[in-house]
Amino acid sequence: MIIGAFLILTWLVLLLRYPAKALPISLAAVCGLGLVALFVVWQDARETSRLARLDLRLAYAPEHCPADRALQVHMKNGNDVPLTELRWRVAAYAPGDTVNLAENTYNAPRYRGPGELQPGAEWKDCLPLPPLRSGYRPQTLEFRAEHLQGTFAN
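What counts and how
Residues numbered from 1 in each chain as written. Predicted model: local features only at pLDDT ≥ 70, side-chain atom pairs only at ≥ 80, totals over all residues. Heavy atoms only, no water. Helix = DSSP H or I, 4+ residues; strand = E, 2+ residues; numbered from the N terminus. Rg over C-alpha atoms; globule rule 2.2 N^0.38 Å. Buried < 20%, exposed > 50% of the residue type's maximum accessible area, 1.4 Å probe, protein only. Contact = heavy atoms within 4.5 Å. Areas by Shrake-Rupley, 256 points an atom, 1.4 Å probe, with all protein chains shown as cover. Lys, Arg positive; Asp, Glu negative; His and termini not counted. Charge placed at Lys NZ, Arg CZ, Asp CG, Glu CD. Polar contact = N/O pair within 3.5 Å; in protein donor to acceptor, adjacent residues only side chain to side chain. Pairing = 2+ DSSP bridges. Axes fitted to C-alpha atoms, helices over the stretch in contact; angles between N-to-C directions. Phe/Tyr/Trp six-rings, centres within 6.5 Å; stacked < 30°, edge-to-face > 60°. Salt bridge = Lys/Arg side-chain N within 4 Å of Asp/Glu carboxyl O.

A. Representation of the overall build of the protein within the structure. Helix and strand counts for the protein stand at two helices and six strands. Listing every helix and strand of the protein by position from the N terminus yields α-α-β-β-β-β-β-β. For 154 residues, the compact-globule estimate of 2.2 N^0.38 gives 15 Å, and the protein exceeds it by more than 25% at 24 Å. Seen through its C-alpha atoms, the protein measures out along the principal axes to roughly 75 × 40 × 25 Å. For the protein, the residues scored as buried account for 29% of the 154 residues in total. Long-range contacts, defined as pairs at least 24 residues apart, comprise 69% of the intrachain contacts of the protein with a sequence gap of at least 6. Of the roughly 10,500 Å² that the protein leaves accessible, carbon and sulfur atoms contribute 62%. Looking at the protein, you have 16 positive and 14 negative side-chain charges, and the mean spots of the two groups are 9 Å apart.

B. Summary view of the side chain of Ser 26. For Ser 26, the position within the fold is in helix α2 (residues 19–52). In terms of polar contacts, Ser 26 uses its side chain to reach the side chain of Trp 11, at 2.7 Å. For Ser 26, the residues in contact, after removing those within four places along its chain, are Trp 11 and Leu 15.

C. Spotlight on the sheet that holds strand β3 (residues 83–93). Here we have three strands laid out as an open sheet, ordered β4-β3-β6, and antiparallel in their pairing. Two strands lie at the open edges of the sheet, namely β4 (111–112) and β6 (142–152), each paired on one side alone. Relative to β4, β3 runs antiparallel, the two being bridged by two bridges. Across the sheet, Trp 88 pairs through a bridge with Tyr 111, a residue of β4. Contacting β3 and β6, α2 crosses the sheet at an angle of about 135° to β6.

D. Expanded view of the pairing of β3. Judged from the nine bridges that link them, β3 and β6 form a sheet pairing that is antiparallel. Counterpart to Glu 85 in the pairing with β6 is Thr 151.

E. Highlighting the packing of aromatic side chains. On inspection of all chains with the given rule, the structure shows two aromatic pairs. For the ring pair Phe 39 and Trp 42, a centre distance of 6.0 Å and an interplane angle of 40° mean the geometry is tilted. Of this pair, Phe 39 and Trp 42 both sit in helix α2, three residues apart, which is roughly one turn of the helix. With centroids separated by 6.2 Å and ring planes inclined at 15°, the aromatic side chains of Trp 88 and Tyr 111 adopt a geometry described as stacked.

F. Representation of the pattern of salt bridges within the structure. Applying the stated rule across the entire model yields five salt bridges. Across the pair Glu 85 and Arg 112 runs a salt bridge, and its minimum N-O distance is 3.2 Å. Here the residue Glu 85 occupies a position in strand β3, and Arg 112 occupies one in strand β4, the gap between them amounting to 27 residues. Using a relative accessible area of 48% as the deciding quantity, one classes Arg 112 as partly exposed. One network of salt bridges, in which partners are shared, links Glu 85, Arg 87 and Arg 112.

Put into structure tokens, the structure is as follows:
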């Protein structure tokens, strides 16, 4: 932090002392930083739109899954590029409520998608349920995937 403050102070002194030489260099540096910022914003928007095109549905399905892995996941890649990695957290809500009833503790299961999912391909699996707050049964709750983080092939 001290180094950053020192650099800014030095830049201000040079800008005030030698404005004819420091101003063009400063403008070039600002333009370069602006280009980098635009590129980062564009990459983030592209990733967000690709994650939005994933169809990820979660359902409590003890009739289709083993007892220790009763959360059925169905995902379809609606993108034109392969999905290479996906992570998310599972939230559980009572119908019509906005309070997350899944406890996100340190020992809660970590959810990951398939290794690689081609465009238009589907993936189904059974995953363990997240720990729920006491007093709630999983058959009465709606499960949703939240905080999606993924990468796609370029």
